Every structure is written in C-alpha cells, then in structure tokens.
Amino acid sequence: PEEGFFTRNPGELDNAINTLTLSQGCVGGQCRDYGAAMQKVRNIIEGDLAQQPAGDRGLTQYVIVMMSGGPPEPLSCEQDCCDPAVEDCDDGCDLDWTCTTALLVEQVQQLRADAESRGALSLSLHGLFLAAPDASEGDPEQVLDDTEQLIAEMAFAGAGVFERFDTADAITLDRVGL
C-alpha cells in the first residue's frame, strides 16, 4: 500500500496480484516463508489495535488476502511438531508438510483469537493460490496439491475463502468479496 499497511484501493490490490506473474528468486535461501509472513501480519494488527481507541476497535474488521504463487520455503521440520512426552524426537530436521500445515493453521487460529480478544470485530484470512508449476524439489503435481491443501486449511482456519487459479490473469478478488 502507498500509505501504511492497509488499503482499500482496488488498484493497489490488482498490482499485488500482478506481482505474482514476476518470477523472483530466493533471497538467503528463503522464498515464500509463510510463517514469517503470518508473524508480520500479527505485528501489524497488534500495532494497529494498540493505537486505536477502545470504541473504534469494536468496529474494526481485518481481511487478510494471502496470495501465493508456490509452496512455502522452507517447510517446517517434523521435529517442530514432535511432543517428547509422547514420542522420541530426533534432533535432525526432516522437512514435513503435515507439520508445516499444523503450525501455520495454529498461527492463523491464534491470530484470529488474539485480534478478537483485543476487541476487533472480526478477522478473516482468504487464500488465493496461483497454481503454476515451480522449480521446487519433488513431484510438481504433488507439490501443487500439498500447497493447495495447506492454503485451503489456512483459509478455513481464518474463516475465509480459498480459491485456486491456474493463471495470474484469472485471479480476481471478487471471489473473496473484495
């Protein structure tokens, strides 16, 4: 957005969609760190709620539109979801979709609960997925399916809508009510 972290400007939203068509390399081994993005969203919303008068918070509705053109990189380690009280946990890092999904869904659920407990009227997260084959390791179709499942589960946890698009020019915010 041109001003601050929030926008209602459809042109800015369309520009964000168009950036998905631009191939961008990884920076420092991180391409699409969904967890870091969710932490950034949390920080922005917490800051916004902290500066609002109490009466205004009850009118605030946060609508997050997560647009992704590929899988999260890096995936979480299976050991991040291991409960040592229940099972033996390795010290290594086996990348795991199930753990990644569980941790991200938990982040979305906690974000919603925290925003609403701080007085926000509501928070929803919508997921838009540009399902273009990626240069990721593994079977490209399986990676697309896993990514679709992950984003769909995040949108469900965020009381939002999930949409998959096969081309960037097909993406429209109408499907998520914007």
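Keep in mind it's a predicted model, so treat the numbers as computed, not measured.

Cut-off values and rules
Residues numbered from 1 in each chain as written. Predicted model: local features only at pLDDT ≥ 70, side-chain atom pairs only at ≥ 80, totals over all residues. Heavy atoms only, no water. Salt bridge = Lys/Arg side-chain N within 4 Å of Asp/Glu carboxyl O. Helix = DSSP H or I, 4+ residues; strand = E, 2+ residues; numbered from the N terminus. Buried < 20%, exposed > 50% of the residue type's maximum accessible area, 1.4 Å probe, protein only. Pairing = 2+ DSSP bridges. Axes fitted to C-alpha atoms, helices over the stretch in contact; angles between N-to-C directions. Contact = heavy atoms within 4.5 Å. Patch = residues over 30% accessible without salt bridge, like charges linked within 9 Å, V, L, I, M, F, W, Y side chains within 5 Å. Areas by Shrake-Rupley, 256 points an atom, 1.4 Å probe, with all protein chains shown as cover. Lys, Arg positive; Asp, Glu negative; His and termini not counted. Charge placed at Lys NZ, Arg CZ, Asp CG, Glu CD. pLDDT = per-residue confidence, 0-100.

## Focus: the pattern of salt bridges
One pass over the structure, following the stated rule, counts 7 salt bridges. Notably, a salt bridge pairs E116 with R112, separated by 3.5 Å at the nearest N-O pair. One end of the pair is E116 and the other is R112, both in helix α4 (residues 97-117) and 4 residues apart, which spans about a single turn. D166 is the partner of R164 in a salt bridge, and the nearest nitrogen-oxygen pair spans 3.5 Å. By relative accessible area, which is 28% here, R164 ends up partly exposed. Since its relative accessible area comes to 55%, D166 is described here as exposed.

## Some words on the sheet that holds strand β3 (residues 162-165)
Read across the sheet, 3 strands follow the order β1-β2-β3 without closing on themselves; strand pairing throughout is parallel. Unpaired on one side and paired on the other, β1 (61-68) and β3 mark the two borders of the sheet. Neighbouring strand axes in the sheet, compared pairwise and without regard to direction, differ in orientation by 15° on average. Two elements, β1 and strand β2 (residues 122-130), share 8 bridges in a ladder whose sense is parallel. Its bridge partner being in β2, Y62 is matched across the sheet by L123. Of the strands in this sheet, β1 and β2 are in contact with α4, which crosses β2 at around 150°. This element, helix α5 (residues 140-157), spans β1, β2 and β3 of the sheet and lies at about 165° to β2.

## Thoughts on a negative patch on the surface
Residues E78, D83, E87, D88, D90, D91 and D94 make up a contiguous surface patch of negative charge. You can see D83 is positioned in the loop between β1 and α4.

## What to know about the environment of Q39
Summarising the element assignment, Q39 is placed in helix α2 (residues 34-51). Q39 sits in the partly exposed class, given a relative accessible area of 35%. Placed 68 residues apart in sequence, Q39 and Q107 show a C-alpha to C-alpha distance of 8.3 Å.

## A closer look at the confidence of the model for the protein
With 83% of its residues at a pLDDT of 70 or more, the protein has an overall mean of 83. For the protein, the element scoring lowest by mean pLDDT is helix α1 (residues 10-18), at 70; α4 scores highest, at 95.

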